[in-house]
Amino acid sequence: MAPGWTEVQVRSGTEDDLTALTEIYNHYVRETPITFDTATFTPGQRRPWLRSYPEDGPHRLRVAQDVLSGRVLGYATSSPLRPKAAYSTSVEVTVYCADGAAGRGVGTLLYEALFKVLEGEDVHRAYAGIVQGVTSADGGGTSASERLHERFGFRHIGTYGEVGRKFGRYWDVAWYEKKLL
């Protein structure tokens, strides 16, 4: 259970979550370099994204929700790494926490649930890209993201230098890998 909430439920995402999930993501689009999207989305624009996560298979969406208030606290996904067939046993994973929920155990709960459902799937590796140079003031702290991934067995495998430009500057992305099978 995440500190500060009486009970947190982690479950599959549904259409009812679309507005909250869009708001969470848009916060990171507007305020941080953590995502390289530069324009916010409407829930309608995000609907295809939501529907790309079925109840089974390697591509999943897990949502953390405070049971008493019903507030969506964050989400985690496993998505295709690349579109070519040979990449089908690799996924890219990510976690986004609602404003005010980061650093309170929500990301850990989400990754625990995500990796639990992936145990029965044909997924060989998980990858995560972590933008470098982000501080708590502008995005939740890269070091916290690195610690989360390392806690789950990810190891740093390389860095793309100045791969994305947002907010008038270039950002490096460190890539992490986790063996699943």
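See the structure above.
What this report covers is the structure whose coordinates are included nearby. (Residues numbered from 1 in each chain as written. Predicted model: local features only at pLDDT ≥ 70, side-chain atom pairs only at ≥ 80, totals over all residues. Heavy atoms only, no water.)

**Considerations on the nonpolar core**
With 40 residues, the main nonpolar core has L21, L61, Y75, V93, Y111, F115 and F154 as its most contacted residues. Counting residues per element, the ones that place at least two in this core are α1 (18-31), α2 (43-51), β2 (60-66), β3 (72-80), β4 (90-97), α3 (106-118), β5 (125-131) and β7 (169-179). Counting residues per element, this core draws most heavily on α3, which supplies seven residues. Setting aside residues no more than four positions away along its own chain, Y111 makes contact with A76, V93, T94, V95, L148, H149 and F152. Membership of the second largest hydrophobic core comes to seven residues, among which are V134, W171, V173 and W175. (Core = buried A, V, L, I, M, F, W, Y, C linked by side-chain atoms within 4.5 Å. Buried < 20%, exposed > 50% of the residue type's maximum accessible area, 1.4 Å probe, protein only. Helix = DSSP H or I, 4+ residues; strand = E, 2+ residues; numbered from the N terminus. Contact = heavy atoms within 4.5 Å.)

**Description of the sheet that holds strand β6 (residues 155-166)**
One open sheet accounts for seven strands, arranged β1-β2-β3-β4-β5-β7-β6; its pairing is mixed. Edge positions in the open sheet fall to β1 (8-12) and β6, since each of these has one partner strand only. Each adjacent strand pair in this sheet contributes to an overall mean axis angle of 25 degrees, direction not counted. With seven bridges connecting them, β5 and β7 associate as antiparallel partners. Residue pairing in the sheet places I130 in a bridge with A174 of β7. (Pairing = 2+ DSSP bridges. Axes fitted to C-alpha atoms, helices over the stretch in contact; angles between N-to-C directions.)

**Considerations on the environment of L50**
Along the chain, L50 turns up in helix α2. Judged by its relative accessible area of 5%, L50 is buried. Each C-alpha atom of the pair L50 and I34 lies 20 Å from the other, and the pair is 16 residues apart in sequence. Not counting residues up to four positions away in its chain, the partners in contact with L50 are T14, E15, L18, L21 and L61.

Nothing here speaks to function; it is all geometry.
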